[in-house]
Amino acid sequence: MKLVPFVLEEWLAKYRDSVAHHLGMSTGPKWTLAELRGLMTDAEREAFDGAALTYCPTKGSDSLRAALASMYGADPEEILVFNGGAEALLALFFVRGDPGANVVVPTPSFSPFVEVPTALGVETRRYALRFESGFALDADEVMRLVDDRTKLILLNTPHNPSGALAGEEAVGALDAFAQRRGIPLVVDEVYHPIYHGTHARSVGEYSRASVLGDFSKSFSLPGLRIGFMLERDAKLREELANAHSYFTTSTNILGELLAEVATRHRETIWNRARSVTAENLALLDEWAARHEQQLEWLRPSGSLTAFPRLRGVTDARPFCVAAAERGVLVAVGAAFGAPAHFRIGFGLAMPRYGEALDILGEVLESQSWR
């Protein structure tokens, strides 16, 4: 097993400590420990301060699983807790990675969707989410990639990096298809329920799909390193719990306690993200309209990031380098398999967001990077 370099992390690490404006992030407005403690009841604060630093139950604490299950109207037994969404993905690809197996995943996408199964020796079949069709999910295209060796179909909505949504009709068709074929349909919806316009239901509310969530994106709490899965298939749930036992045994007790508080106060958490993104996205909309000669823009329907495409170039990296050198960091599209694009975040509370966009505009218009 050999993993290729993680392009996104290498890119961000190169510049994140030297730029004045970090727009390469995909998370929301920051929360402090003091702010989360402020949401606790007296009993919760006492439990947090008195918590013994021991192992957590492998599947997650009963109270956290019950809180998470309430988001879907599910049974707490159907929830598994992991060290971030990344470990949940690793466990999924590991337990489904039989010799000769293949998995069906989207492109452009978060690179572990492709590189982790590839490193495990699993064939990775990619279906395209195309800018020209608004990054829409084509269920028929996904189905055509499936054969008798397909062990997992992966969807992502809201989509990272574009913020596009998969329609319920397309998801429903794939859910029915996957059930007929006995293939797990896994939906990464770590940005649910941050939407910019029409609200979308969680896939967990209307399908039998496995649903992946975590506290890094819509909950804006990446430092907790807590992820979770809604998994209704009891056999797969036990396989995933067993893999988690081997990989990390458990999460961390303080992270789970804070995650439970965040889940119980989720509307407060999400509303901060909604407020910040609404303000920043309005600025981003105006900025994109001013620079329509230099870039193509699809307004994100959800999530905390957008994915513009530069006109007349095949690789946006020179533009991204020039922007970083001017103090504004965005993420290179090559990290997602779409080099003519760049990802720009709008989830952080940044009083100088407009100033950062002005600098980006100057870099775009200068053309010195071409």
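Throughout what follows, the structure given in this document is the object of discussion.

1. Topic: the side chain of Glu-260
Then step 1. One can find Glu-260 in helix H10 (residues 253–264).
Then step 2. Among all residues touching Glu-260, those that are not within four sequence positions of it are Ser-63, Leu-64 and Ala-67.

2. Examining the sheet that holds strand S8 (residues 227–230)
The strands that make up a sheet pair up through hydrogen bonds in the backbone, lying either parallel or antiparallel.
Then step 1. Ordered in space as S2-S8-S7-S6-S5-S3-S4, the seven strands form an open sheet in which the pairing is mixed. Edge positions in the sheet fall to strand S2 (79–82) and strand S4 (123–128), since each has one partner strand and no second. Strand-to-strand twist of the sheet, defined as the mean angle between neighbouring strand axes without regard to direction, takes the value 25°.
Then step 2. Where S2 and S8 come together, four bridges link them in antiparallel fashion. Across the sheet, Val-81 pairs through a bridge with Phe-228, a residue of S8.
Then step 3. Along the sheet face, helix H6 (residues 112–119) touches strand S3 (102–107), S4, strand S5 (150–156) and strand S6 (185–188) and points at about 160° away from the line of S4.

3. Examining the pattern of salt bridges
Then step 1. One pass over the full model with this rule turns up 25 salt bridges.
Then step 2. Salt-bridge contacts for Glu-35 lead to Arg-272; the nearest nitrogen and oxygen are separated by 3.2 Å. Placement of the pair is Glu-35 in helix H2 (residues 33–39) and Arg-272 in helix H11 (residues 266–290), with a sequence separation of 237 residues.
Then step 3. Classification of Glu-35 by relative accessible area gives partly exposed; the value is 31%.
Then step 4. When the shortest N-O distance is used, the salt bridge between Asp-148 and Arg-181 registers 3.6 Å. Linking Asp-148 in the loop between helix H7 (139–144) and S5 with Arg-181 in helix H8 (residues 168–181), this pair joins segments that are 33 residues apart in sequence.
Then step 5. For Arg-181, a relative accessible area of 37% translates into the label partly exposed.
Then step 6. Salt bridges sharing partners connect three or more residues here, namely Glu-123, Arg-125, Asp-147 and Arg-149.

4. Comments concerning the packing of helix H5 (residues 84–96) against helix H9 (residues 234–247)
Then step 1. Their axes nearest at 9 Å, the elements H5 and H9 cross at an angle of 115°. Judged on the interaxial angle alone, H9 and H5 are roughly perpendicular. Between H5 and H9 lies a crossing of right-handed hand. Residue-level inspection shows Glu-87, Leu-90, Ala-91, Leu-92, Phe-94, Val-95 and Arg-96 of H5 in contact with H9, the latter providing Leu-236, Glu-239, Leu-240, Ala-243, His-244 and Phe-247.

5. A closer look at the packing of aromatic side chains
Then step 1. As enumerated under the stated definition, the model contains twelve aromatic pairs in all.
Then step 2. Ring geometry for Phe-94 versus Phe-247: centroids 5.4 Å apart, planes at 80°, classification edge-to-face. In this pair, Phe-94 sits in helix H5 while Phe-247 sits in helix H9, placing the two residues 153 residues apart along the sequence.
Then step 3. Between Phe-215 and Phe-228, the ring centres sit 5.7 Å apart and the planes meet at 65°, which makes this aromatic pair edge-to-face.

6. Considerations on the sheet that holds strand S10 (residues 305–306)
Then step 1. What the three strands build is an open sheet, ordered S10-S14-S13; its pairing is antiparallel. Two strands close off the open sheet at either side, each with one partner strand: S10 and strand S13 (331–332).
Then step 2. Pairing of S13 with strand S14 (residues 342–345) involves two bridges; the strand directions are antiparallel. When the sheet's bridge partners are listed, Val-332 is paired in S14 with Phe-342.

About the thresholds
Residues numbered from 1 in each chain as written. Predicted model: local features only at pLDDT ≥ 70, side-chain atom pairs only at ≥ 80, totals over all residues. Heavy atoms only, no water. Helix = DSSP H or I, 4+ residues; strand = E, 2+ residues; numbered from the N terminus. Contact = heavy atoms within 4.5 Å. Pairing = 2+ DSSP bridges. Axes fitted to C-alpha atoms, helices over the stretch in contact; angles between N-to-C directions. Salt bridge = Lys/Arg side-chain N within 4 Å of Asp/Glu carboxyl O. Buried < 20%, exposed > 50% of the residue type's maximum accessible area, 1.4 Å probe, protein only. Parallel < 35°, antiparallel > 145°, perpendicular 65-115°, else oblique. Left-handed = near helix turned anticlockwise from the far one by under 90°. Phe/Tyr/Trp six-rings, centres within 6.5 Å; stacked < 30°, edge-to-face > 60°.

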